[in-house]
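A structural walkthrough
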Amino acid sequence: MKFSHLHVHTQFSLLDGAASIKNLYKKAIADGMPALAISDHGNMFGAFEFVKEAYNHKNADGTLKVKPVVGCEFYITTDRHRKTFSKEEKDPRHHQILLAKNDAGYKNLVKLTSLGYIEGMYSKYPRIDKELIHKYHEGLIATTCCLGALVPQTILKKGEAEGENEFKWWLNIFQEDYYVELQRHGIPEQEKVNEVLLKFAKKYNVKVIASNDSHYVDQKDFNAHDILLCINTGEKQATPALREFTDDDVFAKNKRFAFPNDQFYLKTTKEMSKVFEDIPQAIDNTNEIIDKIDLLDLKKEILLPFFEVPSNFKTQDEYLEHLTWSGAKERYKILTPEAEERLQFELSIIKKWGLQVIF
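Cut-offs used in this document
Residues numbered from 1 in each chain as written. Predicted model: local features only at pLDDT ≥ 70, side-chain atom pairs only at ≥ 80, totals over all residues. Heavy atoms only, no water. Helix = DSSP H or I, 4+ residues; strand = E, 2+ residues; numbered from the N terminus. Buried < 20%, exposed > 50% of the residue type's maximum accessible area, 1.4 Å probe, protein only. Contact = heavy atoms within 4.5 Å. Areas by Shrake-Rupley, 256 points an atom, 1.4 Å probe, with all protein chains shown as cover. Axes fitted to C-alpha atoms, helices over the stretch in contact; angles between N-to-C directions. Parallel < 35°, antiparallel > 145°, perpendicular 65-115°, else oblique. Nonpolar A, V, L, I, M, F, W, Y, C, P; charged D, E, K, R; others polar. Polar contact = N/O pair within 3.5 Å; in protein donor to acceptor, adjacent residues only side chain to side chain. Pairing = 2+ DSSP bridges. Salt bridge = Lys/Arg side-chain N within 4 Å of Asp/Glu carboxyl O. Patch = residues over 30% accessible without salt bridge, like charges linked within 9 Å, V, L, I, M, F, W, Y side chains within 5 Å. Expected span 1.5 Å × (residues − 1). Phe/Tyr/Trp six-rings, centres within 6.5 Å; stacked < 30°, edge-to-face > 60°.

The next subject is the overall build of the chain. Each helix and strand counted, the chain has 12 helices and 9 strands in total. Across the 359 residues in the chain, those meeting the buried criterion constitute 48%. A separation of at least 24 residues holds for 74% of the contacts in the chain among residues at least 6 apart in sequence. Element-wise, carbon and sulfur atoms account for 53% of the exposed surface of the chain, whose accessible area totals about 19,000 Å².

Another aspect to go through is the packing of helix α5 (residues 150-158) against helix α7 (residues 188-204). In contact at an axis separation of 10 Å, α5 and α7 are set at 105° when each is read in the N-to-C sense. Taken together, the axis directions place α5 and α7 in an arrangement best described as roughly perpendicular. Contacts between α5 and α7 involve Val-151, Pro-152, Ile-155 and Leu-156 on the former and, on the latter, Glu-189, Lys-192, Val-193, Val-196, Leu-197 and Phe-200. Taken together, the residues of the contact of α5 with α7 sort by class into 8 nonpolar, no polar and 2 charged.

What follows concerns the side chain of Arg-256. Here Arg-256 is to be found in strand β9 (residues 256-257). In this structure Arg-256 comes out as buried when scored by relative accessible area, which is 4%. For Arg-256, the side chain forms a polar contact with the side chain of Asp-226, separated by 2.8 Å. Contact partners of Arg-256, with chain neighbours within four places excluded, come to Asp-226, Cys-230, Glu-235, Lys-236, Gln-237, Thr-239, Pro-240, Ala-241, Leu-242 and Arg-243.

Its identity is not glycine, yet Ser-123 carries a phi of approximately 60°, on the positive side. When its relative accessible area of 59% is taken as the criterion, Ser-123 is described as exposed.

For the rest of this paragraph, the subject is the pairing of strand β7 (residues 208-211). Going residue by residue along β7, you find Val-208 and Ala-210 tucked away on one face and Ile-209 and Ser-211 tucked away on the opposite face as well. Across 4 bridges, strand β6 (residues 178-183) lies against β7 in parallel orientation. Residue pairing for β7: Glu-181 is matched across the bridge by Ile-209.

In this structure the tally under the stated criterion is 20 salt bridges. The shortest N-O distance in the salt bridge between Asp-103 and Lys-107 comes to 3.3 Å. Residue Asp-103 and its partner Lys-107 are both found in helix α3 (residues 103-118); the two are separated by 4 residues, about one turn of the helix. Taking the shortest distance from any N to any O, the salt bridge between Glu-166 and Lys-130 comes out at 2.9 Å.

This paragraph deals with a nonpolar patch on the surface. On the surface, Leu-14, Leu-15, Phe-45, Tyr-117, Ile-118, Ile-227 and Ile-231 cluster together to form a nonpolar patch covering roughly 690 Å² of accessible area. Within the fold, Ile-231 resides in helix α8 (residues 222-233).

With 17 residues, α7 ought to run about 24 Å at 1.5 Å a step, and its terminal C-alpha atoms sit 25 Å apart, in line with that. For α7, the full list of buried residues reads Gln-190, Val-193, Asn-194, Val-196, Leu-197, Phe-200 and Ala-201. On its buried face, α7 sits against α5, α6 (160-174), β6 and β7. Backbone geometry just after α7 places Asn-205 at a positive phi near 55°.

On to the packing of aromatic side chains, then. All told, the structure shown has 12 aromatic pairs when counted by the stated rule. Taken together, a centroid distance of 5.1 Å and an interplanar angle of 75° make the contact between Tyr-75 and Tyr-125 edge-to-face. Placement of the pair is Tyr-75 in strand β2 (residues 67-76) and Tyr-125 in the loop between α3 and β4 (127-128), with a sequence separation of 50 residues. Taking relative accessible area as the criterion, Tyr-75 reaches 11% and is therefore assigned buried. On the basis of relative accessible area, Tyr-125 is assigned to the buried category, the value being 4%. Where Phe-257 meets Phe-259, the ring centres are 6.1 Å apart and the plane angle is 80°; that geometry is what we call edge-to-face. For Phe-259, a relative accessible area of 9% gives the class buried. Clustering of aromatic rings is evident, with ring pairs tying together Phe-167, Tyr-178, Phe-200 and Tyr-204.

Bringing the pairing of strand β3 (residues 94-100) into the picture now. Within β3, 7 of the 7 residues are buried, which leaves it mostly tucked inside the rest of the structure. A two-sided burial pattern is seen for β3, the buried positions comprising His-94, Gln-96, Leu-98 and Ala-100 on one face and His-95, Ile-97 and Leu-99 on the other. Direction of pairing for β2 relative to β3: antiparallel, over a ladder of 6 bridges. Bridging across to β3, Phe-74 finds its partner in Gln-96.

This is the structure:
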């Protein structure tokens with residue numbers, strides 16, 4: 001049975017992900033995974049490199065060995081415009097995975113991440129809210145995400161009934177493109193949430209997928225990732241670790257932020273099948289999502305405007321040279337040999353490389 005990781009953090013999850021894109025693909029190809037997702041925290045900085053790397057690995061028939069899936073694990077809050085909080089009333093921030101199903105979905109991911117930075121930035125978190133989700137959900141696939149997401153946290157803090165209401169909100173928006181995401185990292189709260197999510201899945205006929213909240217490539221990378229988290233929070237690794245589920249901005253006296261254990265890596269299909277041996281359909285259902293997703297190619301031809309030049313000039317280069325020397329004489333009055341040499345050099349570079357200058 002084939003399996004694809006759809007919840008993956010690269011080194012572009014800044015000071016939180018310790019997985020290089022090249023090594024992620026290397027492992028996915030070796031394991032025969034049909035696809036691999038990028039879902040960095042709050043940004044799409046690595047999207048172009050991620051898709052580009054996929055095109056570096058092709059089968060003999062020209063098809064890609066691993067389909068790239070572009071997504072983002074957003075920070076979602078109640079009101080993205082609110083920027084003032086207190087110790088007693090903290091920012092109600094949660095996580096939310098969204099994956100681009102097609103070109104329209106990719107453009108909406110770009111829009112959401114941009115608005116997160118432009119309108120929702122608070123502290124180091126680019127945040128969006130449900131208003132934006134409702135407006136820009138076309139072409140996107142959503143899941144119940146991780147333990148830090150809205151549905152799981154509502155189940156834990158407000159109970160099953162309130163969790164169900166939250167679940168129905170997302171289901172109403174995404175419908176057949178909404179999935180129950182199960183993760184098993186050996187965290188007690190996770191097991192409690194999973195039990196409830198399976199009830200919701202059965203009640204509302206929502207398919208279940210398996211995932212691993214991957215932040216590094218191999219299990220042996222756990223210590224390197226732990227060091228990265230120390231850099232993130234400004235702590236020493238010698239400080240006792242708070243190995244409970246929490247955010248990196250939650251402080252406990254004489255404790256440092258750390259992941260609960262060493263299970264947050266890109267597990268092989270065999271390992272994932274073992275973890276979910278009682279729910280094999282959760283492994284197989286990742287293939288349904290992959291089949292829904294169009295193959296993206298983010299490489300585009302550079303579109304630059306063509307400027308008409310006066311009829312007494314043959315080319316744009318000739319007109320640029322005229323403007324440059326005229327402007328230089330007006331600006332400097334007397335051109336030194338050094339200035340002339342520099343201008344000639346710059347003009348030759350522009351002409352040699354076919355660069356376009358906006359007049």
